[in-house]
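# Structure assessment
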Amino acid sequence: MTRVGEKGGPFVVALDGFEGPLDLLLDLARKDRIDLKRLSVLRLAEQYLAYLETAASLRLEVAADYLVMAAWLAYLKSELLLPKAGHGAPDPEALADDLALRLQRLDAARWGADWLKARPRLAEARFPRGMPDGLGRERAGDPAPDLPALLDLYPRLMTRRRRTDLRLVPRAHMTLEAALERLARLATPFAWRELRAFLPPGLETGLPERAALAASFVAGLELARRGAVEIEQAAAFAPLRLRSIPTGEGP
Amino acid sequence: MSDPPPKAIVEAMLFAAAEPLSEAEIQARLGGLGEALPLLEELRRDYRDRGVRLERQGRRWALRTAPETAPFLVRADPGPRRLSKAAMETLAVIAWRQPATRAEIEAVRGVPVARGTLDVLLGAGWVRPKGRREAPGRPVTWVTTPGFLDAFGLSSLDDLPRLDELGTSGLFRFDGAD
């Protein structure tokens, strides 16, 4: 990084037109004719850091992304150079492979974009008839649907609607306080229980039940933040399960 | 008055049409006078060496000038807007990977997809949203349209070269880590 202007000039990294760190990395890898499948992250990291050092002009908001990547590459480089520590950190080889795969993907996307660009385009290299009349219809059909126009129109219609008074009807749904109290009282350290099992019995299905579940979920998060309970979920959309952490052993 | 030959009827439809015509529509207009598909194939052969070609785009057909005559077809008005690198790469990811979510496009390109980028592609009529993926956040998925095939002179999505041939097998396949 170079400072420009001795008297407190702006701090800028010059990245002539590179669209993000990945873009720059791919360019460096290509310049070096690196086989992306046998990418040397060490070499790439050195080139990248050297590039950032010589970069002469600057824009701070763009620089942030590049600095994050620089820090990450420097970390990865040190991990690759050091003997395996085995301290549970992510495997550096796997991280390097992941970076190589990401660069291959970007390279493939760019290749695809160039391939499309080289196609004989309509209205550039191939032309439709100049004065099409369209095929007649005996009965005028529905107007042709036009998705962009529709998307454009909808918000305007919605904002044009007359303003109405908003009245909030108080509802007798389970409150967050009630849910907090209930969860804290009922959770046990010994067994995982589904979040639903904590709802009070006899709830009406539909909105009251959903409101109680939502309140209990937020209450669960709050208790987990306080270190009072643990929450687990096996997979996306799987039931949430919850148990309390015995006092004194909490993290 | 006797009916004109079915091939002539199909040719006239294609000539008059403002947009590519589907096989189904041609068949519906032709009625019992003939089978649309063999007639279309025959017409395509007839046009092979002419300045106008009959192009197939999936199940739709359109008459288009031959690409090699383009230098002689001077247009007074400027052609379509040049697309940015971001827009072309985004289009490429959608084309090869479809249905693709915004997050997947960003994962490939390593930078956020600007709001205007998808708007440009949507406005050109080349991509459209197609439902949502059953994943956290239920993200909208994007696919290409028949207009995309027409714009780039593709018969179908199978015309896109397989990226595997470049030795980049499985590049746009994502696993759970993404």
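Sequence order as written defines residue numbering, which begins from 1 separately in each chain. Chains and ligands are labelled sequentially in the order written, the chains with letters from A and the ligands with numbers from 1. Residues qualify for local features only when their pLDDT is at least 70, as the model is predicted, and side-chain atom pairs are given and counted only at 80 or more; totals for whole chains, interfaces and linings, by contrast, use all residues.

## A short note on the overall build of chain B
Helix and strand assignments follow DSSP, with helices taken as H or I runs no shorter than four residues and strands as E runs no shorter than two, numbered in order from the N terminus. The secondary structure content of chain B amounts to seven helices and six strands. Burial in this document is a count-based property: other C-beta atoms within 10 Å of a residue's C-beta are tallied, and the residue is buried at 20 or more, exposed at 12 or fewer, or partly exposed in between, with C-beta positions derived from the backbone. Taking all 178 residues of chain B together, 29% fall into the buried category.

## A short note on the overall build of chain A
Helices and strands together make up the secondary structure of chain A, namely seven helices and three strands. Sequence-ordered secondary structure for chain A, helices as α and strands as β, is α-α-α-α-α-α-β-α-β-β. Here chain A holds 251 residues, and 20% of them are scored as buried. Within chain A, residue pairs in contact and separated by at least 24 positions form 63% of the contacts whose partners lie at least 6 positions apart. Residue pairs are scored as contacts if the distance between their C-beta atoms, which are placed from the backbone, is within 7 Å.

## Considering the interface of chain B and chain A
The partner chain A presents 36 residues to the 41 residues of chain B that form the contact. Mapped by element, the contributors of at least two residues to the side of chain B that touches chain A are helix 1 (6-16), strand 3 (60-65), helix 4 (85-97), helix 5 (102-109), helix 6 (115-123) and helix 7 (146-152) of chain B. Each residue is assigned to one class: nonpolar for Ala, Val, Leu, Ile, Met, Phe, Trp, Tyr, Cys and Pro, charged for Asp, Glu, Lys and Arg, and polar for all the others, Gly among them. Residues of the side of chain B that touches chain A, tallied by class, amount to 30 nonpolar, six polar and five charged.

## Quick notes on the pairing of strand 6 (residues 140-144) of chain B
All names here are of chain B. Note on pairing: two strands pair once DSSP finds at least 2 bridges between them. Where strand 4 (residues 100-101) meets strand 6, two bridges bridge the pair, whose relative direction is antiparallel. Bridging across to strand 6, A100 finds its partner in W142. Where strand 5 (residues 127-132) lies against strand 6, four bridges are found, and the strand directions are antiparallel. Considered in strand 6, the bridge of P129 is made with W142.

## Topic: the pairing of strand 3 (residues 240-244) of chain A
Residue and element names in this part refer to chain A. In terms of strand pairing, strand 1 (residues 193-194) meets strand 3 through two bridges, oriented antiparallel. Each bridged residue has a counterpart across the sheet, and for R193 the counterpart in strand 3 is L242. For strand 2 (residues 229-233) and strand 3, the ladder comprises five bridges, and the chain directions are antiparallel. Paired with I231 across the two strands is L242, which belongs to strand 3. In this antiparallel pair of consecutive strands, strand 2 and strand 3, the connection spans six residues, and F237 shows a positive phi of 75 degrees.

## Section: the packing of helix 4 of chain B against helix 5 of chain B
Residues and elements named next belong to chain B. To obtain each axis, a line is fitted to C-alpha atoms, and for helices this fit is confined to the stretch in contact; angles are then taken between N-to-C directions over 0 to 180 degrees. As a packed pair, helix 4 and helix 5 sit with axes 10 Å apart at the nearest point and diverge in direction by 115 degrees. The hand of the helix 4/helix 5 crossing is right-handed. Seen from helix 4, the contacting residues are E89, T90, V93 and R97; seen from helix 5, they are E104, I105, V108 and R109. Class assignment for the residues of the contact of helix 4 with helix 5 results in three nonpolar, one polar and four charged. In this scheme the crossing of two helices becomes right-handed for a clockwise turn of the near helix relative to the far one and left-handed for an anticlockwise turn of less than a right angle.

## Describing the nonpolar core
Counting residues in hydrophobic clusters, the biggest one holds 49 residues, and the most contacted among them are A:L25, A:L44, A:Y48, A:L103, B:L91, B:A92 and B:V93. For this core, the secondary structure elements donating two or more residues are helix 1 (21-31), helix 2 (41-54), helix 3 (60-81) and helix 4 (92-117) of chain A together with helix 4, helix 5, helix 6 and helix 7 of chain B. Among the elements that take part in this core, helix 4 of chain A stands out by supplying nine residues, more than any other. Put simply, a nonpolar core is a cluster of buried Ala, Val, Leu, Ile, Met, Phe, Trp, Tyr and Cys residues tied together by C-beta atoms within 7 Å. Membership of the second largest hydrophobic core comes to 12 residues, among which are B:V10, B:A36, B:L39 and B:L54.

## Focus on the sheet that holds strand 3 of chain A
Residues and elements named next belong to chain A. Spatial strand order, 1-3-2: three strands in an open sheet with antiparallel pairing. Two strands close off the open sheet at either side, each with one partner strand: strand 1 and strand 2. This element, helix 7 (residues 207-225), spans strand 2 and strand 3 of the sheet and lies at about 125 degrees to strand 2.

## So, unusual backbone geometry
For the bond from B:Q98 to B:P99, the omega torsion is -5 degrees, close enough to zero to count as cis. Take B:P99: it is sitting in the loop between helix 4 and strand 4. The residue A:F237 is not glycine, and still its phi comes out positive at about 75 degrees. Along the chain, A:F237 turns up in the loop between strand 2 and strand 3. Given 9 C-beta atoms within a 10 Å radius, A:F237 is considered exposed. Positive phi outside glycine occurs at B:R138, with the angle close to 40 degrees.

## Comments concerning the sheet that holds strand 2 (residues 52-57) of chain B
Residues and elements named next belong to chain B. Sheet architecture is open: three strands sit in the order 1-3-2, paired in antiparallel fashion. A strand with exactly one partner marks an edge of an open sheet, and here the two such strands are strand 1 (21-22) and strand 2. The pairing of strand 1 with strand 3 spans two bridges and is antiparallel. Looking at strand 3, one finds that S22 is bridged to R60. Along the sheet, helix 1 makes contact with strand 1, strand 2 and strand 3, crossing strand 3 at roughly 70 degrees.

## Considering the environment of A:A219
Residues and elements named next belong to chain A. Structurally, the position occupied by A219 is in helix 7. What makes A219 buried here is the crowd of 25 C-beta atoms within 10 Å. Spatially, the C-alpha atom of A219 lies 9.7 Å from that of T175, the residues being 44 residues apart in sequence. Dropping the residues within four chain positions of it, A219 is found in contact with L176, A179, L180 and L183.

## Regarding the confidence of the model for chain A
Residue and element names in this part refer to chain A. In the predicted model, chain A carries a mean pLDDT of 77, and the fraction of residues at 70 or more is 77%. For every residue, the predictor states its confidence as a pLDDT score lying anywhere from 0 to 100. Mean pLDDT across the elements of chain A ranges from a minimum in helix 3, with 78, to a maximum in helix 7, with 91. In this model, residues 1-11 is a region of pLDDT below 50 whose contacts with residues beyond four sequence positions or in other chains number 16 contacts.

## Notes on helix 5 (residues 147-160) of chain A
To estimate the expected span of a helix, subtract one from its residue number and multiply by 1.5 Å. Between the first and last C-alpha of helix 5 of chain A there are 20 Å, a value that for 14 residues agrees with the 20 Å anticipated at 1.5 Å per step. Burial analysis of helix 5 of chain A places just zero of its 14 residues in the buried class, which makes it a mostly uncovered element.

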